[in-house]
Amino acid sequence: MMFNDLLELAGKRKLKLICACLLHAISCGLAIIPFFLIYLLFLEIFSTSPDEVRIWWILALIPVVYVIMSIALIYAYNLSHVAAYQILYTVRIELGKKLSKLPLGFFNEKNTGELKTVINENVELLEFFLAHHLPEMISTIFVPLFLGIFLFIMDWRMALASVLPVALAMTVILLKSSGWGEMIDEYLSAQSEVNATVVEYVQGIKVIKAFNHTAESFKKYKGGMAFWKDSVIKWSRQRAAPFTLYQGLITSTLAFIIPVGLWLYSSEMLTMETFLLFLIVGPIFGGLFMRIYEFLRYGMEEKECMDRINKIFDTENITDEGKEKVESFDITFNNVFFAYDNRNPILNDINFHVPQGTRCALVGPSGAGKTTIARLIVRFWDVNYGKIMVGDYDIRDLSLKNLLSHVSIVLQDPYLFNDTILENIKIGNPQASMDDVIEVSKAARCHEFIEKLPDGYSTVVGERGERLSGGEKQRISIARALLKDAPIVILDEATVFIDPENESLIQDAISNLTRNRTVLVIAHKLYTITNAEQILVLDEGKIIERGSYSDLMDAGGLFREMWDTHISTLDWEIKR
Ligand code: ADP
């Protein structure tokens, strides 16, 4: 599986990899020759009339073989590294392309941390496989095999003595490595979790400190680190004893060769030259098995990494085959059922209609499903049952580009890029002129504060807009949406406390943005939606009340209850 996937991605680089493997094979074939030459040397030295010229020839040939071996190896590694880095590049580019085809809903915090780990760390580990383990595979298997055969040809009894510790060592590893796959999985999961936690902690540190949540967030950060530490320790512990035993056995060949050799030699069943040959080659033979262990250990890790990469490639793309173009802009939910990951249904039979140019507010307790409804309209995910329509079409029959071009989304925590204010607003419409930008900025009530900044519209906002206040960021994101001039607006009102001055500016900006548009607003401050044409009260994924403000107040249900609490907290805030 791993081979096939990688070779498929390798494409044109396959030839390089094959050449690298061949060169490796040649070099490992050559590796046997010096041992044979050493044997010939001993034969000559211990013969009754040693031939000096022959001895010199043999001595000269040994380094020549090593030089040829090294040249073949240099070329092999060169080729395999170039191919590996090119393949890594391809894998990363393909992953990037894949991400653009995934539903927006895939990019939640958990997946984002994991993605970072997969694209950086997991892909990087494939370099090990492609540049080292793949070409070395032949030598790792065949050099010990050929050397073993050579030893058996020389003297089977001495060969048995050399093979015995290695066979014991292999048995230990085979018996002990059964649970390693799971452990590597856990270890890699801990790695991506720690990545996600670090990103979250560092990015949020200003907010965390400002709201004095340091202890709580640090606890989460510490928890992530502790999980990582525990996994690594567990993984190392599990390997420690078998590995030490393995290493001890394969390096102890002499302890087996010497007694057997001495006994055979003293019983005149072994020549001195063969004994010497085994004394030299035996430990080298054992040492070759160190590589086999590394192969096993890293091979498992590389396979896990490949599985993680494949998991992303196997995630279902969002279908985007629709060709229809919307012409009218009302929103309809027809018998919509939806569940994340096919588990508990989050939305149960949602039905509503927002006529073009009217405002619909979603209210209800936290976790009721308001955000989910808003996100389904822009196809963060697709519904499990029922349909969502914009104009006359099921949104799945529209091209995603067409759908998104008609919707502006304004979120609670708007995302600003570390670029100038001008560029941040122009995301709404990159073709817009400076005059257009100024016009929408005035309507979004941000022109005034932008003008006061040292570089005006050319002021760089800092990472995620850190140089601006929450209210300013919000107004810039409204300017952006105004510039996009989309007929449908999805608005997630800010829950955080914004000072009264900013609050009224934002309300002005929002009323400019929503005028004459089809609006779906997730409302947290009930007094802002009293004049919405329609209010939907959601609870546990169901619409339990609907109507205008006065209808709902008269009905005396959940909305009325929420309103009373809302007003009393407002009173409390004002009194304070
Ligand atoms: P609201 O906006 O009303 O607070 P949401 O739509 O955010 O509610 O959430 C509704 C339910 O769906 C909650 O139980 C929440 O835990 C769950 N939920 C929200 N987003 C996801 C997600 N990406 N994966 C799984 N469950 C989610």
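Remember, predicted model here, so these are calculated numbers, not experimental data.

(A) The arrangement of the overall build of the chain in detail. In terms of regular secondary structure, the chain is built from 19 helices and 10 strands. For 576 residues, the compact-globule estimate of 2.2 N^0.38 gives 25 Å, and the C-alpha radius of gyration of the chain, at 35 Å, exceeds that figure by more than 25%. For the chain, the spread of C-alpha atoms along the principal axes amounts to about 115 × 45 × 45 Å. Across the 576 residues of the chain, 46% fall into the buried class. Restricting to contacts in the chain with at least 6 residues of sequence separation, those with at least 24 account for 79%. Counting only carbon and sulfur atoms, one obtains 60% of the accessible surface of the chain, whose full area is about 29900 Å². In the chain, 55 positive and 69 negative side-chain charges are present, and the distance between their average locations comes to 1 Å.

(B) Structural view of the site of the ligand. The ligand sits among Y340, I346, P365, S366, G367, A368, G369, K370, T371, T372 and W381. Between the ligand and A368 there is a distance of 3.1 Å, counted from an oxygen atom to a backbone nitrogen or oxygen. Within the backbone of G369, a nitrogen or oxygen atom sits 3.0 Å from an oxygen atom of the ligand. Coverage of the ligand by the protein amounts to 63% of the 560 Å² it exposes when considered alone. Looking at the shell around the ligand element by element, the count peaks at three residues for helix α11 (residues 370–377). For the shell around the ligand, a count of residues per class yields five nonpolar, five polar and one charged.

(C) A look at the sheet that holds strand β10 (residues 542–547). What the six strands build is an open sheet, ordered β6-β7-β8-β3-β9-β10; its pairing is mixed. Each of the sheet's edge strands pairs with one partner strand only, and the pair in question is β6 (407–410) and β10. Going across the sheet, the axis of each strand differs from the next one's by a mean of 15°, ignoring polarity. Summarising the sheet, strand β3 (residues 359–363) and strand β9 (residues 534–539) pair through four bridges and their orientation is parallel. What sits directly across from C360, in β9, is Q534. Sheet contacts for α11: β3, β7 (488–492), β8 (518–522) and β9; angle to β8, the most-contacted strand, approximately 150°.

(D) The arrangement of empty space enclosed by the protein in detail. Following the criterion strictly, the structure yields two cavities of 30 Å³ or more and no others. Its boundaries defined by the atoms lining it, the second largest cavity holds a volume of some 40 Å³. Considering only residue class, the lining of the second largest cavity consists of five nonpolar, no polar and four charged.

(E) Representation of the sheet that holds strand β2 (residues 345–354) in the model. As summarised here, the arrangement of the four strands in space is β2-β1-β4-β5, forming an open sheet in which the pairing is antiparallel. With partners counted over all chains shown, the strands left at the sheet margins are β2 and β5 (393–394), one partner each. With six bridges connecting them, strand β1 (residues 331–339) and β2 associate as antiparallel partners. Within β2, the position partnered with V336 by the bridge is I350.

(F) Geometry of unusual backbone geometry. Of note in the backbone geometry, D485 takes a positive phi value of approximately 55° without being a glycine. Tracing the backbone through its elements, the reader meets D485 in the loop between α16 (470–484) and β7. Backbone geometry places N516, a non-glycine residue, at a positive phi of 60°. Residue placement: N516 occurs in the loop between α17 (500–514) and β8. On the basis of relative accessible area, N516 is assigned to the exposed category, the value being 69%.

(G) Layout of the packing of helix α9 (residues 253–266) against helix α10 (residues 272–314). Put simply, α9 and α10 touch, their axes get as near as 9 Å, and they point 165° apart. Relative to α10, the element α9 is oriented roughly antiparallel. Handedness of the α9/α10 crossing: right-handed. Contacts from T253, L254, I257, I258, G261, L262 and Y265 in α9 reach M272, F275, F278, L279, G282, P283 and G286 in α10. Considered class by class, the residues forming the contact of α9 with α10 number 10 nonpolar, four polar and no charged.

(H) Main features of the pattern of salt bridges. Scanning the model with the defined rule gives 15 salt bridges in all. Across the pair D382 and R379 runs a salt bridge, and its minimum N-O distance is 2.8 Å. For D382, a relative accessible area of 25% corresponds to the partly exposed category. For R379, a relative accessible area of 2% puts it in the buried group. For R560, the salt bridge goes to D564, with nearest N and O atoms at 3.7 Å. Of this pair, R560 and D564 both sit in helix α19 (residues 558–575), four residues apart, which is roughly one turn of that helix. One continuous salt-bridge network, built from bridges that share partners, spans E136, R291 and E294.

(I) Main features of the packing of aromatic side chains. Taken as a whole and assessed by the stated rule, the structure comprises 25 aromatic pairs. Ring centres of F243 and Y293 lie 4.6 Å apart, and the angle between their planes is 35°; this geometry places the pair in the tilted category. One end of the pair, F243, is in helix α8 (residues 214–250); the other, Y293, is in helix α10, with 50 residues separating them in the sequence. Here Y293 falls in the buried class, since its relative accessible area comes to 4%. Ring centres of F338 and W381 lie 5.8 Å apart, and the angle between their planes is 40°; on these two criteria the pair is classed as tilted. Of this pair, F338 sits in strand β1 while W381 sits in the loop between α11 and β4 (385–390), and the two are 43 residues apart along the sequence. Here F338 and W381 have matching classes, each one buried. Ring-pair connections join several aromatic residues into one group, and the members of that group are W180, W235, F243, Y246 and Y293. The ring of W235 is capped by R239, whose NZ or CZ atom sits 4.4 Å from the centre of that ring.

Cut-offs used in this document
- Residues numbered from 1 in each chain as written.
- Predicted model: local features only at pLDDT ≥ 70, side-chain atom pairs only at ≥ 80, totals over all residues.
- Heavy atoms only, no water.
- Helix = DSSP H or I, 4+ residues; strand = E, 2+ residues; numbered from the N terminus.
- Rg over C-alpha atoms; globule rule 2.2 N^0.38 Å.
- Buried < 20%, exposed > 50% of the residue type's maximum accessible area, 1.4 Å probe, protein only.
- Contact = heavy atoms within 4.5 Å.
- Areas by Shrake-Rupley, 256 points an atom, 1.4 Å probe, with all protein chains shown as cover.
- Lys, Arg positive; Asp, Glu negative; His and termini not counted.
- Charge placed at Lys NZ, Arg CZ, Asp CG, Glu CD.
- Near = heavy atom within 4 Å.
- Polar contact = N/O pair within 3.5 Å; in protein donor to acceptor, adjacent residues only side chain to side chain.
- Nonpolar A, V, L, I, M, F, W, Y, C, P; charged D, E, K, R; others polar.
- Pairing = 2+ DSSP bridges.
- Axes fitted to C-alpha atoms, helices over the stretch in contact; angles between N-to-C directions.
- 1 Å grid on protein atoms, 1.4 Å probe; cavity = no way out; pocket = protein on both sides within 12 Å on 5 of 7 lines; lining within 4 Å.
- Points joined across faces, edges and corners; volume = space filled by probe spheres on them.
- Parallel < 35°, antiparallel > 145°, perpendicular 65-115°, else oblique.
- Left-handed = near helix turned anticlockwise from the far one by under 90°.
- Salt bridge = Lys/Arg side-chain N within 4 Å of Asp/Glu carboxyl O.
- Phe/Tyr/Trp six-rings, centres within 6.5 Å; stacked < 30°, edge-to-face > 60°.
- Lys NZ or Arg CZ within 6 Å of the ring centre and 35° of its normal.

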